[in-house]
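The chain contents come next:
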Amino acid sequence: MPPVIEIQDIKTRFGSQEVHKGVTFSVEGGQLVALIGGSGSGKSVLLKEIIGLLRPTSGRIRLLGQDVWKSSDDQLRKLRNRIGVLFQNGALFSSLTVGENIAAPLREQTSIPEELICAIVQLRLAMSGLKQSTARKMPSELSGGMTKRVALARALALEPEILFLDEPTSGLDPINARRFDSLVRTLCDSLGITVFMVTHDLDSITSVADEIIVLGDGKLLAKGSLEEIRGVDHPWINDYFSSRLAS
Amino acid sequence: MGAIARANSEGNPWYSLHESSEGLTIRFRGSWRLAHINEIYPVILREWRFKPNQRIFLDGSELDELDTSGVMLVRHVLREAGVSEEQVVESNVKPEHSSITKLVRENLAVPDPIETPKHFGLLERAGIGTINALAKCKELLAFIGQTSLVWLKIFVNPRLIRFRESVVQLERVCVDAVPIAALVTFLIGIVVAYLFSIQSEKYGANLFIVDAAALAMCRELSPIIVAIIVAGRSGSAFTAQIGAMKLNDEIDALESLGLSPMQVLVVPRMLALIIAMPLLVFVGDVVGIFGAMIIADLRLGITSVTFIDRLNQVLPVRSLLVGLIKAPVFAAFIAVIGCKMGLSIERNATSLGLSTTSTVVQSIVSVILLNAAFAIIFVELGI
Ligand SMILES: Nc1ncnc2c1ncn2[C@@H]1O[C@H](COP(=O)(O)OP(=O)(O)OP(=O)(O)O)[C@@H](O)[C@H]1O
Ligand SMILES: [Mg+2]
């Protein structure tokens, strides 16, 4: 299977600040990949570059075999329909109910009849572990964990092939965080979705990630399975894995 | 034993139906995915007919592609046709599809009774509207009460005034507003003088243009025009600023730091506006009269010396004060409405827009009502 995400020599600069100094890696389909790195190491920026929201200073990004930054607007729109994104703070539309939020991608991008949209919304709610009655709530009435779940349900609406998650478990209590992890794992296994997850959560990484990518000093520090990463001798990685013992 | 097959756009069938003594077998073919739902749905809605209590076998042995929406489509159609879940058997599902069908099976939600949105009659809506309006009035009254209490405290202990915030606000609502207020009142002064010059010329009462322009500007036009500008400019800004802070939990953060939003946000804004408005109105008076003076010179040949000499005789300080006294009252109302709407915003982005609009409308209406009240009071007092 060809890689679904290919990143080649990405450089990003904001003014005089060099965020990425040449990052190269690729992600195989059907895997759950975790991207870790210190705060400010450019994880969110990289994510935005991959999904075509922010142009890197130089370098090439291929998503599902298509060059993101060489695509026409129309191609990019079609490509975006094949990916789902969960933003760091949920980014639910505050003027729509939860149900309308989940239905929004279906209503905007397809012409499926309304009663089927309703059925699919109900399925998405249940899949994300939410009660059906949540559909009528407004985003402002949700707790942090519920917001993340609704955002996940919305990200899943168009049956994406790749799911991008920016810190999905930050702000959740450990129990809910683990539930969320196993939910994502189930989706990844049963739907064959590739999951690309930016995270700080050591537990997510140890329990569900197939592969870990470590970003630091504007470069790719390491990439591999948990065991391989543990074996890498780099001060930040060492600190990262021993932080659990310290706390 | 008849087998029916339905074709998709490329001529390949989506499914075939096989009826036997055991029940109905639906053998799926091709790609049952979200992208094809639009093609499939009308067909199966038309073609699938079930007998009561008939067993239904969903056969996935020839299916190429499947996603959860595809499974949901089938389940939805079966459910709508009154087929219970016990009647349905999934058979020969390919291994790569089994986890998808399982995921959907596990999450088949008990359909929620969908509430049909209530439609209200005219009378009911009028009632709801009235109750809402009354509730709003009550809230506003409560807010005015709270604000008055804070002001009372400040009179007792003036050190509670937050000087820095007030000065920042004063710059925004006063200094920054001078150009637009001056421009508008200047133009109004010109228009009033121009229209009056036509009339006064007819009667040979040229010099009376001074009386008319000066009195109209000072007593009515300048205060009202400036108040409307301030409502649109500063009142809406108050709502937007405070509302955005509220959306961002900043108000809660303030309170948790032991600060009162009333003191930190509302009082400085009120104070700034109450100081700013009379100043702006005075600027308006001067500039408006200046505009009239230019027109008097151009149209009627009244020199500026004559104009000012006449102004001295016909514009008593009292008239000027009438306008200037109204200004701080307008200001207090605009500031209170602006801050109140900002603080009572709901937690969504639409609410911010609606409240900002509402602030401007409420402010302008209340300014005009107040002005009418002032007119009556001044007449009764013989001023
Ligand atoms: N739009 C922008 N303009 C200028 N600098 C930016 C911009 N966005 C991000 N940066 C800078 O890029 C760097 C990386 O930011 P990024 O948000 O990717 O960090 P991160 O790795 O996601 O950190 P965290 O784990 O805290 O979320 C930061 O130093 C930030 O200041
Ligand atoms: Mg980030």
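Please read these numbers as outputs of a predicted model, since none were measured by experiment. (Residues numbered from 1 in each chain as written. Chains lettered and ligands numbered in written order. Predicted model: local features only at pLDDT ≥ 70, side-chain atom pairs only at ≥ 80, totals over all residues. Heavy atoms only, no water.)

**Examining the overall build of chain A**
No. 1: Along the backbone of chain A there are nine helices and 10 strands.
No. 2: In terms of overall size, chain A behaves like a compact globule, its C-alpha atoms giving a radius of gyration of 18 Å where 247 residues would be expected to give roughly 18 Å.
No. 3: Counting only C-alpha atoms, chain A reaches 55 × 45 × 35 Å along its principal axes.
No. 4: Taking all 247 residues of chain A together, the buried fraction comes to 54%.
No. 5: Counting only contacts in chain A whose residues sit at least 6 apart along the sequence, the fraction spanning at least 24 positions is 65%.
No. 6: When the accessible surface of chain A is split by element, carbon and sulfur atoms take 50% of a total near 10500 Å².
No. 7: Each charge class in chain A was averaged separately, 28 positive and 29 negative side chains, and the resulting centres sit 3 Å apart. (Helix = DSSP H or I, 4+ residues; strand = E, 2+ residues; numbered from the N terminus. Rg over C-alpha atoms; globule rule 2.2 N^0.38 Å. Buried < 20%, exposed > 50% of the residue type's maximum accessible area, 1.4 Å probe, protein only. Contact = heavy atoms within 4.5 Å. Areas by Shrake-Rupley, 256 points an atom, 1.4 Å probe, with all protein chains shown as cover. Lys, Arg positive; Asp, Glu negative; His and termini not counted. Charge placed at Lys NZ, Arg CZ, Asp CG, Glu CD.)

**Overview of the sheet that holds strand β7 (residues 162-166) of chain A**
Residue and element names in this part refer to chain A.
No. 1: One open sheet accounts for six strands, arranged β6-β7-β8-β3-β9-β10; its pairing is mixed. Only two strands of the sheet have a single partner each, and these edge strands are β6 (83-86) and β10 (219-224). The sheet shows a mean angle of 15 degrees between the axes of neighbouring strands, taken without regard to direction.
No. 2: Bridge count for strand β3 (residues 32-37) against strand β8 (residues 194-198) is four bridges, and the pairing is parallel. Bridge pairing in β8 places Leu32 opposite Val195. (Pairing = 2+ DSSP bridges. Axes fitted to C-alpha atoms, helices over the stretch in contact; angles between N-to-C directions.)

**Describing the interface of chain B and chain A**
No. 1: Each partner contributes residues to the interface: chain B has 27 residues there, and chain A has 28 residues.
No. 2: Across the interface of chain B and chain A, roughly 2300 Å² is buried in total on both sides, 62% from carbon and sulfur atoms.
No. 3: For the pair chain B and chain A, the interface holds six residue pairs in polar contact (both at pLDDT 80 or more).
No. 4: Looking at which element gives the most residues to the side of chain B that touches chain A, the answer is helix α2 (residues 68-80) of chain B, with six residues.
No. 5: Of the residues belonging to the side of chain B that touches chain A, the class tally is 14 nonpolar, eight polar and five charged. (Buried area = accessible area lost by both parts, 1.4 Å probe. Polar contact = N/O pair within 3.5 Å; in protein donor to acceptor, adjacent residues only side chain to side chain. Nonpolar A, V, L, I, M, F, W, Y, C, P; charged D, E, K, R; others polar.)

**What about the packing of aromatic side chains?**
No. 1: The final tally for this structure, using the stated rule, is 11 aromatic pairs over all chains.
No. 2: On the basis of an interplanar angle of 70 degrees and a centroid distance of 6.2 Å, the ring pair of Phe330(B) and Phe374(B) is categorised as edge-to-face. Of this pair, Phe330(B) sits in helix α11 (residues 317-343) while Phe374(B) sits in helix α12 (residues 349-381), placing them 44 residues apart in sequence. For the pair formed by Phe330(B) and Phe374(B), the shared burial category is buried.
No. 3: Of the aromatic side chains, those joined through ring pairs into one cluster are Trp14(B), Tyr15(B), Phe28(B), Trp32(B) and Trp48(B).
No. 4: When the ring centre of Phe93(A) is taken as reference, the NZ or CZ atom of Arg154(A) above it lies at 4.6 Å.
No. 5: Directly above the aromatic system of Tyr194(B) lies the positively charged group of Arg299(B), at a separation of 5.2 Å from the ring centroid. (Phe/Tyr/Trp six-rings, centres within 6.5 Å; stacked < 30°, edge-to-face > 60°. Lys NZ or Arg CZ within 6 Å of the ring centre and 35° of its normal.)

**Here's the deal with the site of ligand 1**
Residue and element names in this part refer to chain A.
No. 1: Gln17, Ser39, Lys43, Ser44 and His200 are the nearest of the 14 residues found near ligand 1.
No. 2: Between ligand 1 and Val45 there is a distance of 3.0 Å, counted from an oxygen atom to a backbone nitrogen or oxygen.
No. 3: Here an oxygen atom of ligand 1 sits 3.5 Å away from a polar atom, N or O, in the side chain of Glu167.
No. 4: In isolation ligand 1 offers 630 Å² of accessible surface; the protein chains occlude 61% of this area.
No. 5: When contributions to the shell around ligand 1 are tallied by element, the ones reaching two or more residues are β2 (17-27) and α1 (43-50). (Near = heavy atom within 4 Å.)

**With respect to the nonpolar core**
The tendency in soluble globular proteins is for nonpolar side chains to be buried side by side.
No. 1: Of all hydrophobic cores here, the largest spans 71 residues; its most connected members are Leu152(A), Val195(A), Tyr15(B), Ile26(B), Trp32(B), Trp48(B) and Leu73(B).
No. 2: It is helix α4 (residues 114-127) of chain A that contributes the most residues to this core, eight residues altogether.
No. 3: Aside from chain neighbours lying at most four places away, what touches Trp32(B) is Trp14(B), Tyr15(B), Ile40(B), Ile44(B), Trp48(B), Leu63(B), Glu65(B), Leu66(B), Asp67(B), Gly70(B), Leu73(B) and Val74(B).
No. 4: Counting residues in hydrophobic clusters, the runner-up holds 65 residues, among them Ala193(B), Val226(B), Ala292(B) and Leu300(B). (Core = buried A, V, L, I, M, F, W, Y, C linked by side-chain atoms within 4.5 Å.)

**As for the confidence of the model for chain B**
Residues and elements named next belong to chain B.
No. 1: On average, residues of chain B carry a pLDDT of 87, and 95% of them reach 70 or more.
No. 2: In this model, residues 1-5 is a region of pLDDT below 50 whose contacts with residues beyond four sequence positions or in other chains number 13 contacts.
No. 3: Across the whole predicted complex the pTM is 0.70, and at the interface the ipTM reaches 0.77. (pLDDT = per-residue confidence, 0-100.)

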